[in-house]
Amino acid sequence: RKPRQRAVSMPERDPDPSRPAGPAIVVEGARTHNLKGVSCRIPHGAVTVVTGPSGAGKSSLAFDTVYAEGQRRFVESMSTYARQFLDKMERPPVDDIRGILPAVAIEARNGVRNARSTVGTITEALDVLRLLFTHLGEVRCPHGHGPLRRYTPDQAAAALAGGAAGESFLLVVRLPRPKRGADQALAELVRQGFSRRLGRKAAEEGAVVRMEPGESWPKAADPLPLVLGRFAAAPAGEAPSARLAETVEEGYRLGAGALEALTAPPGPRPGAAPRRRIFARSLVCTLCGHSSRAPTPALFSFNSPLGACPECQGFGRVIGIDRERVIPNPRLTLEERPIAPWNTPAYEHFYASLRRAARAQGVPLDLPWEELSEADRAWVWSGREGGGVKFTSLERFFKRLERKTYRVHVRVLLARYRAYDRCPGCAGTRLKPEALTVRLEERSIAELAEMSVERLREWLAARDWTPRQRETAGHLIDELAERVEVLHRVGLDYLTLDRQARTLSGGEAQRIHLAASLGSGLTSTLYALDEPTVGLHPQDSGRLLALLHDLAGRGNTVLVVEHDRAIVLGADHVIDLGPRAGEAGGRLMAEGTVEEVLAAEDSLTARYLKARPPGRAREHIARFRRERGKGTLEDEIAGRPRLRIAGARAHNLRGIDVEWPLASLVAVTGVSGSGKSTLVENVLYGTYQRARGVVDVEPGEVGSIEGLEGLADVTLVDQSPLGRSSRSNPVTYVKAYDEIRKLFAAVPGAKARGVTAGHFSFNVAKGRCPACEGTGATEVDMQFMAPVTVPCEECGGRRFRPEVLKVRFQGRSIDQVLDLTVAEAQELFAGNRKLARRLEVLAEAGLGYLRLGQPTSTLSGGEAQRLKLAAFLDRPAAEKPRLFLFDEPTTGLHLSDIDLLCSTLRRLVRRGDGVVVVEHSVDLIARADWIVDLGPGGGVHGGELLYSGPLEGFLDEVESPTAEELRKHLGWRRR
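Chains are numbered independently. Their residues run from 1 in the order of the written sequence. Local features in this predicted model are restricted to residues whose pLDDT is 70 or higher, and side-chain atom pairs enter the listing and the counts only when it is 80 or higher, whereas totals over whole chains, interfaces and linings include all residues. No hydrogens and no water enter the side-chain calculation; it runs on all heavy atoms of the structure.

Could you give an account of a positive patch on the surface, naming the residues involved and the relevant values?
Here the term patch refers to residues with relative accessible area over 30% and no salt bridge, with like charges joined within 9 Å and nonpolar side chains (Val, Leu, Ile, Met, Phe, Trp, Tyr) within 5 Å. Note on areas: these come from Shrake-Rupley sampling with a 1.4 Å probe, and a residue is covered only by the protein chains present in the view. Here, a salt bridge means any Lys or Arg side-chain nitrogen found within 4 Å of an Asp or Glu carboxyl oxygen. Positive charge is attributed to Lys and Arg, negative charge to Asp and Glu, and no charge count is given to His or to the chain ends. In this description, the location of a charge corresponds to atom NZ of lysine, CZ of arginine, CG of aspartate or CD of glutamate. There is a patch of like positive charges on the surface, built from Lys390, Arg396, Lys399, Arg400, Arg403, Lys404 and Arg407. Counting from the N terminus, the helices are the DSSP runs of H or I reaching at least four residues and the strands are the DSSP runs of E reaching at least two. Positionally, arginine 396 belongs in helix α11 (residues 394-402).

Structural data, given as structure tokens:
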């Protein structure tokens, strides 16, 4: 039979008997958000990809319908007592869902803010390491005397008897002085036959002193070195004598499980101290007597008081003052006021006393701070008084502030100049010294945690574990190797186990949680993933796909929202939604195997996934040149200014020098962890911000940056949230709501009711609903349960007062207008040129499906980034060019939407601005003017500059993972 162009709603009722049904989650009539009665099936034990244009309803189907119902039914299966502590979950709008499983959602955002959470704790690899060190770790003496040992009385006697034949030694036990009745205790010892002790003076050490009956406890003897007897080592091969064994047993009893052996040094050496060996039931160093408790898992945990460093409480860092924030511009002189906290009216008077003291001390006031001698700079910080003139040093200034932290403005001021320095007590390892003395195959747990995943894999593979170690550790060795292998398979070789989880990107965090899910061993579970390829290089997509199939092979059902070609083409089952975004989407365009979806004529996804005809590379270059205009790139940039970065050394960058033309579209590429974000965000943007006096940024280490002086501004357009206020929405962000309010205020009905433009504002009390204050919802405190958000009872979620809602513009109230999508609003306000232009920039940024009143706090990272881009598109061109920095702007975009994004970025370039994108998408990289490729690997294997130049040279000259993927994508044949 011919492949169907569109799957039927319910595969179980397909009249074609050749099509196997199989167990599956069956969805009938899903109407969540913009879904229009979608019916589909999600096979169990398989990888199903939901794809389609941005805003077509993919997340509505995967998360808000299937996952939400799985979670709701799991909660409903609990006892009544347990359910009272959980939110009541509403059933999603769907006719029926059958075959649902307990669900786990792994979203592409990093919600971790806890500084104690690390890659190792999330994946539980660190927990396995802690158990391994508990069972196999060797406790070492911190003074370098080797491993600590514990001895039973029999083992101690055997060790003592095994010395050199005829070698004599004294057995001594040290008894603490009793708090009461010390003399009586000594008399009892003498009565029992213990009549000798060691001399208490240094010259007498090792000399035996006799104790007489009635003698008092020596005043300086605490503890008392009681001599048990003198013995000689037995000949080789002989067992210890019965007398030695009994004496050792007695010594353990008296000395609370410990005794000493003093052996005279060989040969005539007058005054030489005897050699001391210590034996105990507990772990002890036989040379120095350092003792330690047997290791427990808590000893290796920085979240436990038993293992956390007492100085930093297990954080690895202590709070200090960042000198670079205090003096952000070291090119200023003391006369030019370089100290940032003193450049406020409240503290500027400190400059006067500093100048007087500097003149008396001989510190030049006309030299830049960076050219002052080390001693002069230390003087300003530490505050030695010079010439009898007192002044407040910076250290004294901050200490004074520390005593006034009860004031809010002081805490805010201190927070601006705080720095987190490596803890001097633990050197950043977070653990007590006792934990670091335990070694496993000559490594401490901190040394293994700071290894990259790649190095840890190699270390584990090189270990030749003994049968005894494997028997003791059980499955722990294989468990650790498996968890590390999973991290490798999701493309995170460059991460370390001690990397803080809050520093991960959204894509990295999602793959970390995916690795943790594989390690958990769950089966018969629904896993819902939101674009797991975010931040992943194309060469690693195959490994991720294999991991998803592995998860499905364990009996789980994997549901993935994804646009990546490799993931879609490698799926077992594909659900394609469309045809467009928002109200124009929400329909099932195709369903089934990849071949069946590719055969669907109406599918936009199929159109972009199908192989293009031969000559594809030539067509691409022709289109590329049309987009850029006439002439070659070399001709265009010959006389244009460039940005030059010299000696970038932040993180893993290896002192690279790189440059690119400013008025161009630049793609910074490379595998995950190669240093792309470090170069663009830390080095370039951080240095620019610090030069402007912004103190709450961390600039990356760099030699110099040239070309910034010719720019009006450098703007980082990242995926950070736009805010948490539910009053902020897309039209307020691009300043379009002001025009909408003016239009409503101008209608006759508004004037008759006395309603002005201010009444339509969410931030003005005279027009908004007084109950919900313009949010449309209220939060109900459920006491012992989590708060529940419900629609406002007074306004019904419409956000405004009744008299405001009665005002109509072209038959619509203000709340109905805010419920329109951007595309619908463009038709409604087509006659208003100013408003239409601002709505057009939203559509150009690929956000035509958003509703005007949707809170910006609900937008994804990619949507937030594109909304910021839209706001910049509406601004007029500046006298000087701007430089825009984007961090993976294709996140969340369908293949068809990337064309729209490229056109939007090209619009910025045409007006003279520069655009730099950190990107993995070959579709966008193939449209860039200039390529900066880093690598060749990630982490310690990255940080090198592989190429910096035009696109065509990159395709012809470079051997790198990105160049290889790009040539494969374009069908490019190298010259």
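On we go from here.
Requested: an account of the state of the cysteines, with residues and values cited.
Any two cysteine sulfur atoms lying within 2.5 Å of each other are counted as a disulfide. The tally for this structure, following the rule as stated, stands at zero disulfides. Left without a disulfide partner, cysteine 288 is nearest to the cysteine sulfur of cysteine 141, which lies 3.5 Å away. Burial classification: accessible surface area is computed with a 1.4 Å probe over protein chains only, and a residue below 20% of its type maximum counts as buried, one above 50% as exposed, and the rest as partly exposed. For cysteine 288, a relative accessible area of 26% puts it in the partly exposed group. Between cysteine 792, a free cysteine, and cysteine 795, which holds the nearest cysteine sulfur, the sulfur-to-sulfur gap is 3.7 Å.

Tell me about the side chain of arginine 511, and please be specific about residues and values.
Of note, arginine 511 is situated in helix α18 (residues 506-520). With no salt bridge to any partner, buried arginine 511 finds its closest opposite charge in glutamate 508, at an N-O distance of 5.3 Å. Separated by 3.3 Å, the side chain of arginine 511 and the backbone oxygen of proline 532 make a polar contact. Every residue pair with non-hydrogen atoms within 4.5 Å of one another is taken to be in contact. For arginine 511, the residues in contact, after removing those within four places along its chain, are Val490, Leu492, Tyr494, Pro532, Thr533, Val534, Gly535, Leu536 and Ser672. Counted as a polar contact is a pair of N or O atoms within 3.5 Å, where, for protein atoms, one must be capable of donating a hydrogen and the other of accepting one, and residues adjacent in sequence contribute only when both atoms are in side chains.

I'd love a proper account of the sheet that holds strand β3 (residues 47-51), names of residues and values included.
Pairing between strands is defined by DSSP: at least two bridges between them are needed. Read from one edge of the open sheet, six strands run β5-β18-β19-β3-β20-β21, paired in mixed fashion. Both edges of this open sheet fall to β5 (103-106) and β21 (587-592), since each of them pairs with a single strand only. Pairwise comparison of adjacent strand axes, ignoring direction, gives a mean angle of 15° for this sheet. Where β5 meets strand β18 (residues 526-530), four bridges bridge the pair, whose relative direction is parallel. Within β18, the residue paired with valine 104 across the bridge is tyrosine 527. Structural elements are reduced to axes, namely lines fitted to C-alpha atoms, with helices fitted over the stretch in contact, and the angle between N-to-C directions of any two is expressed from 0 to 180 degrees. Running at roughly 140° to β5, helix α1 (residues 58-76) makes contact with β3, β5, β18, β19 (557-561) and β20 (573-578) of the sheet. Against the sheet, α18 contacts β5 and β18, and its axis sits at roughly 165° relative to β18.

Residue-level account of the sheet that holds strand β22 (residues 642-648), with values.
One open sheet holds the three strands; their spatial order is β23-β22-β25, and the pairing between them is antiparallel. Whereas interior strands pair on both sides, the edge strands pair on one side only; in this sheet they are β23 (656-661) and β25 (704-706). The average angle at which neighbouring strand axes cross in this sheet is 5°, direction not considered. Sheet analysis places β22 next to β23, joined by five bridges and oriented antiparallel. Within β23, the position partnered with arginine 644 by the bridge is glutamate 659. Against the sheet, helix α25 (residues 676-691) touches β22, β23 and β25, its axis set at about 105° to β22.

How would you summarise the pattern of salt bridges if you had to cite specific residues and measurements?
Using the criterion set out here, one finds 47 salt bridges in the structure. Its salt-bridge partner being arginine 654, residue glutamate 944 comes within 2.8 Å of it at the nearest N-O pair. Residue glutamate 944 is found in strand β32 (residues 944-950), and its partner arginine 654 is found in the loop between β22 and β23; the two are separated by 290 residues along the sequence. Taking relative accessible area as the criterion, glutamate 944 reaches 33% and is therefore assigned partly exposed. Overall, the relative accessible area of 44% leaves arginine 654 in the partly exposed class. Residues participating in the shared-partner salt-bridge network are Glu482, Arg489, Asp550 and Arg554.

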